Amino acid sequence: MPLIEEQIHETFANNAESLEGRLLFAVPKKGRLLQAALNLLEGADIQFRRESRLDIALVKNLPIALVFLPAADIPTFVGEGRVSLGITGRDTVAEHAASVVAAKRERAESGQSTPTDEEDLIGCEEVMELGFGSCKLQVQVPEKGQYAKPSDLIGKNIGTSFVHLAADYFAGLEKEAAESNGEKKLKTNIIELSGSVEAACALGVADGIVDLVESGETMKAAGLKPIDTVVSSIAVLVKSKKPSNPQLVNLIASRIRGVITAQQYVLCQYNIRREKLADAAKITPGKRAPTINALEEEGWLAVSSMVEKKKIATVMDELAEAGAADILVLNITNTRY
Ligand SMILES: Nc1ncnc2c1ncn2[C@@H]1O[C@H](COP(=O)(O)OP(=O)(O)OP(=O)(O)O)[C@@H](O)[C@H]1O
Ligand SMILES: O=P(O)(O)OC[C@H]1O[C@H](OP(=O)(O)OP(=O)(O)O)[C@H](O)[C@@H]1O
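Residues numbered from 1 in each chain as written. Chains lettered and ligands numbered in written order. Predicted model: local features only at pLDDT ≥ 70, side-chain atom pairs only at ≥ 80, totals over all residues.

**Points about the UniProt feature "domain: Histidine biosynthesis HisG C-terminal" (unreviewed entry) in the chain**
- Residues annotated in UniProt with the feature "domain: Histidine biosynthesis HisG C-terminal" (unreviewed entry) correspond here to residues 262-334.
- As annotated, residues 262-334 has a helix share of 27% and a strand share of 40%, and its two end C-alpha atoms lie 5 Å apart. (UniProt positions renumbered as here; feature names shortened; annotations may be inferred. Helix = DSSP H or I, 4+ residues; strand = E, 2+ residues; numbered from the N terminus.)

**Some details on the site of ligand 1**
- What surrounds ligand 1 is a group of 15 residues, the closest being Gly31, Arg32, Ala71, Gly89 and Glu214.
- Here the residues of the shell around ligand 1 sort into five nonpolar, six polar and four charged.
- Shared between two domains, the shell around ligand 1 holds at least three residues of each, these being domain 1 (4-132 + 235-244) and domain 2 (135-232). (Near = placed C-beta within 6 Å. Nonpolar A, V, L, I, M, F, W, Y, C, P; charged D, E, K, R; others polar. Domains from an automatic or database assignment.)

**With respect to the sheet that holds strand 4 (residues 85-89)**
- If you walk across this open sheet you meet the six strands as 2-3-1-4-11-5, and the pairing is mixed. The two strands at the open ends of the sheet, each matched to only one other strand, are strand 2 (56-58) and strand 5 (124-129). Taking each pair of neighbouring strands and ignoring which way they run, the sheet shows an average axis angle of 25 degrees.
- Pairing geometry for strand 1 (residues 23-28) and strand 3 (residues 64-69), over six bridges, is parallel. For Leu23, the partnering residue across the bridge sits in strand 3 and is Ile64. (Pairing = 2+ DSSP bridges. Axes fitted to C-alpha atoms, helices over the stretch in contact; angles between N-to-C directions.)

**Focus on the site of ligand 2**
- In the region of ligand 2, 14 residues are neighbours, and Leu212, Glu214, Ser215, Glu217 and Thr218 sit closest.
- Grouping the amino acids of the shell around ligand 2 by side-chain chemistry returns three nonpolar, six polar and five charged.

**As for the pairing of strand 14 (residues 300-308)**
- Sheet topology note: the strand 12 (residues 265-273)/strand 14 ladder contains nine bridges and is antiparallel. Residue Arg273 lies in a different strand from strand 14, and its bridge partner there is Trp300.
- Where strand 13 (residues 291-294) hands over to strand 14, the hairpin turn is made up of five residues, of which Gly299 adopts a positive phi near 85 degrees.

**Here we look at the sheet that holds strand 15 (residues 325-331)**
- Here four strands make up an open sheet; going across it, the order is 13-14-12-15 and the pairing antiparallel. A single partner strand is all that each edge strand has here, and the edge strands are strand 13 and strand 15. Strand-to-strand, the axes of this sheet are offset by a mean angle of 20 degrees, without reference to chain direction.

**A look at helix 4 (residues 90-109)**
- Spanning 20 residues, helix 4 covers 29 Å between terminal C-alpha atoms, matching the ideal 28 Å at 1.5 Å per step.
- Buried residues of helix 4: Arg90, Asp91, Thr92, Val93, Ala94, Glu95 and His96, and no others.
- In the stretch just after helix 4, Gly111 is the one whose phi turns positive, near 80 degrees. (Expected span 1.5 Å × (residues − 1). Buried ≥ 20, exposed ≤ 12 C-beta atoms within 10 Å, placed from the backbone.)

**Points about unusual backbone geometry**
- Even without being a glycine, Asp45 presents a positive backbone phi close to 55 degrees.
- Along the chain, the position of Asp45 falls in the loop between helix 2 (34-43) and strand 2.
- According to the C-beta neighbour criterion, Asp45 is exposed, with 12 such atoms within 10 Å.
- One non-glycine residue, Asp326, lies in the positive phi region at around 55 degrees.
- Relative to the assigned elements, Asp326 resides in strand 15.
- Under the C-beta neighbour-count criterion, Asp326 is labelled exposed, with 11 such atoms within 10 Å.

**Description of the nonpolar core**
- Within the largest apolar cluster, 61 residues are counted, with the highest numbers of intra-cluster contacts made by Phe25, Ala26, Val67, Ile158, Leu165, Ala166 and Val210.
- Residues from two domains meet in this core; each of domain 1 (4-132 + 235-244) and domain 2 (135-232) gives at least three.
- When near neighbours in sequence (up to four residues on either side) are disregarded, Ala166 contacts Ile158, Thr160, Ile190 and Val210.
- Residues Tyr270, Ile283, Val315 and Leu319 belong to the second largest nonpolar core, which totals 13 residues. (Core = buried A, V, L, I, M, F, W, Y, C linked by C-beta atoms within 7 Å. Contact = placed C-beta atoms within 7 Å.)

**Thoughts on the environment of Asn157**
- Mapped onto the elements, Asn157 comes out in strand 7 (residues 157-160).
- When near neighbours in sequence (up to four residues on either side) are disregarded, Asn157 contacts Asn189, Ile191, Ala206 and Asp207.

**Describing the packing of helix 4 against helix 6 (residues 163-178)**
- As a packed pair, helix 4 and helix 6 sit with axes 7 Å apart at the nearest point and diverge in direction by 70 degrees. Here helix 6 runs roughly perpendicular to helix 4, going by the angle between their axes. The hand of the helix 4/helix 6 crossing is left-handed. Contacts between helix 4 and helix 6 involve Ala94, Glu95, Ala98, Ser99 and Ala102 on the former and, on the latter, His164, Leu165 and Asp168.
- Classifying every residue of the contact of helix 4 with helix 6 by side-chain character gives four nonpolar, two polar and two charged. (Parallel < 35°, antiparallel > 145°, perpendicular 65-115°, else oblique. Left-handed = near helix turned anticlockwise from the far one by under 90°.)

**Here's the deal with the confidence of the model for the chain**
- Residues at a pLDDT of 70 or more form 91% of the chain, whose mean pLDDT is 91.
- For this predicted complex, the interface confidence score (ipTM) comes to 0.95, while the overall pTM stands at 0.88. (pLDDT = per-residue confidence, 0-100.)

**As for helix 2**
- Along helix 2, the residues that are buried comprise Ala37, Leu40 and Leu41. The buried residues of helix 2 all sit within an arc of 100 degrees when viewed along its axis, so they share a single face. Along helix 2, exposed side chains directed more than 90 degrees from the buried face belong to Gln35 and Glu42.
- On its buried side, helix 2 packs onto strand 1, strand 4 and helix 9 (246-264).
- In the stretch just after helix 2, Asp45 is the one whose phi turns positive, near 55 degrees. (Arc of directions from axis to C-beta.)

In structure tokens form, the structure reads like this:
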């Protein structure tokens, strides 16, 4: 198979600008993760213009090309080293990892093997969580049906887009239930569905499903309830084991980390009498330590400290209680550590 760089060159042969020397960075082309991923790129000052219908965009201010791919395919491109970096859900990374293990097992069973050095380079490495796209891959059954626990589904039909994770999950259940009667073949029938998985039970295609849940509204609307969680997911930045430009990967990771920190923290500033500083500093310890300056007014100090956004209301209450005055909260646009 030619390198993705070559494939892209062929596909976009009319594009005058070259991809030569550019780091390939995969971004979800649609769906739940797209907008938050674009916001992160903007925060990291990765500037590009995406022509309509083109799945590739050259970054203007860095030697990077963005490749817009379905979120579920990104781990394959990154895992095979065709693309160096990617943003996708941890669920899709887990599904890809399970598919690699299954393929390896099948090859071993049929007497084939892959050279170990090639195998060592396959797979995605998680660089960091990105703070959005939280959801759970859950086993779901009809609310008013006959199935109450996961083991009730052994030997039944399960609809899912996550066929390898579902197969591993039910293989585990079957092993537990039978204390292994030596059977290797999965008794539970995993049916691959590419979307609208929740409809499978109502339409008689499946007895249960394995699908993503966030608010639970889709599940509820389909008359389903969760009975177990297979994987908890969040969007992640992943890199290939042998990226084309490791320094640039580190630079992007560092910029993205800075943007995420800025999104998660606010800067809290307040004035406090010197004798009350110790109590107040316990409430706002900061990421490293609070910054403390003298005020022109005798006996008073000015403190500034980073506080987690989700805790700021409680922190302000506690500061006021501890004697802090003039409490201000400021948004942080960007950070770097
Ligand atoms: N309801 C949700 N809330 C939060 N994150 C989700 C939700 N559904 C999916 N995700 C995350 O977003 C990723 C992409 O899912 P999404 O459904 O947006 O994909 P898609 O590319 O539009 O595919 P499809 O065409 O199958 O819907 C998932 O792998 C998961 O990590
Ligand atoms: O718990 P909820 O908040 O209701 O979210 C769950 C739904 O979100 C995802 O689908 P999405 O809406 O992205 O579309 P899809 O069914 O086409 O994958 C997922 O596949 C569920 O169907």
